[in-house]
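Okay, here's what each chain looks like letter by letter:
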Amino acid sequence: EEALAAAKEFPEMTLIPGVELSTDIPGSEIHLLGLFINRGDEVFQKQLSNMREGRQGRAQAMVEKLDELGVPVSWERVQELAGDASIGRPHIAQAMVEAGYVKYPKDAFDKYLGRNGPAYTERLKLTPEDAVRLVLANGAVPVMAHPTYSAAKSSRGEVGELRDILSKLKKAGLAGIEVYYGDYTPEQVEWLAGLAKELGLIPSGGSDYHASGNPGEPEPGTVGPPITTYEKLKEFHQKLATRR
């Protein structure tokens, strides 16, 4: 709501409400975006609320594990850092930076909070297919986020068998994949753009800016797709609306 209110001061700017869902595949995870979400969908909001409650329990378990490892952080401080947002690992990582255990948030993921880290805790399972269906039921556009390895998030390994995964998700209703993203190299962008074209997916993207303080973090406006991506996403969204 704060962003929508601020955007009214800039009539030339279009703000697209969105959501990011964490989903699980064997040995890894996939993040799925829902773009042009219907914020007034009470069923959808209830589902998101249940997920947020699960994230809070998971975050508390991670803080408890850190304490057992001799790296205590204040749960109250983690809550303060999250504010009204859904509590997650980035907030714990920031608390660890403040406490002086690590220099940058990404170091916290590398040493403690990543999938294979000693403080990692599993969360409520959601499959990518379920996430696609959840987003489509809301009338939003499902897009796979940051599909390959990114140096800025070194705890996330490359998603294996990406072509097969994308083919399955396309059948479930996936509309696009992030191609122009964060710190992707030109070679990664070229490869993903070819994959998107091959599978008939919209080549989306963005900076994934978190204001986390990690060195070299891409800032808003420095990375992103061409305007044709927005036009294709909007067209997909409008087609969904006519079917509802």
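Figured I'd write up the structure that's included with this text. The numbering scheme is per chain: residues are counted from 1 as the chain's sequence reads. Reporting in this predicted model follows two pLDDT cut-offs: at least 70 for local features of residues, and 80 or more for side-chain atom pairs to be given and counted; totals over whole chains, interfaces and linings ignore these cut-offs and use all residues. Excluded from the side-chain calculations are hydrogens and water; all other atoms, namely the structure's heavy atoms, are used.

1. Some points on helix H3 (residues 75–82)
(1) Moving on: When accessible area is computed with a 1.4 Å probe and restricted to protein chains, residues below 20% of their type maximum are described as buried, those above 50% as exposed, and intermediate ones as partly exposed. The way it works is that DSSP assigns letters per residue, a run of H or I at least four long becomes a helix, a run of E at least two long becomes a strand, and they are numbered from the N terminus. Those residues of H3 that fall on the buried side of the exposure criterion are Trp75, Val78 and Ala82. Across the axial projection of H3, the buried residues extend over an arc of 55°, all falling on one side.
(2) Moving on: Two residues qualify as a contact provided that any one of their heavy atoms is within 4.5 Å of a heavy atom in the partner residue. Where H3 is buried, its residues meet helix H2 (42–68) and helix H4 (89–98).
(3) Moving on: Downstream of H3 by one or two residues, glycine 83 has phi in the positive range, about 60°. In this context, the arc is that of the directions from the helix axis out to the C-beta atoms.

2. Thoughts on the pattern of salt bridges
(1) Moving on: Whenever a carboxyl oxygen of Asp or Glu lies within 4 Å of a side-chain nitrogen of Lys or Arg, that contact is scored as a salt bridge. Within the structure shown, the criterion is met by 11 salt bridges.
(2) Moving on: Salt-bridge contacts for glutamate 122 lead to arginine 115; the nearest nitrogen and oxygen are separated by 3.9 Å.
(3) Moving on: Arginine 133 is the salt-bridge partner of aspartate 130, the closest N and O atoms lying 2.9 Å from each other. Here aspartate 130 and its partner arginine 133 are both found in helix H6 (residues 128–138), three residues apart, which amounts to about one turn of the helix.
(4) Moving on: Residue classification places arginine 133 among the partly exposed residues on the basis of a relative accessible area of 45%.

3. A closer look at the sheet that holds strand S4 (residues 176–181)
(1) Moving on: Criterion used throughout: strands pair if DSSP finds at least two bridges between them. Here five strands make up an open sheet; going across it, the order is S1-S2-S3-S4-S5 and the pairing mixed. For this open sheet the edge positions go to strand S1 (18–25) and strand S5 (202–206), each flanked by a neighbour on one side alone. Neighbour-to-neighbour, the strand axes of the sheet open up by a mean angle of 40°, direction not taken into account.
(2) Moving on: Every axis in this analysis is a line fitted to C-alpha atoms, fitted for helices over the stretch in contact. Angles between the N-to-C directions lie between 0 and 180 degrees. Along the sheet, H6 makes contact with S1, strand S2 (28–35) and strand S3 (141–144), crossing S1 at roughly 155°.
(3) Moving on: Running over the sheet, helix H7 (residues 162–172) touches S1, S2, S3 and S4 and is turned about 175° from S3.

4. Quick word on helix H5 (residues 105–113)
Think of an α-helix as turning once every 3.6 residues; residues three or four places apart then point the same way.
(1) Moving on: For H5, the complete set of buried residues consists of Pro105, Asp107, Ala108, Phe109, Tyr112 and Leu113.
(2) Moving on: Residues of H5 that are buried make contact with H2 and H4.

So, to be careful, I would describe these as geometric facts and stop short of saying anything about function.
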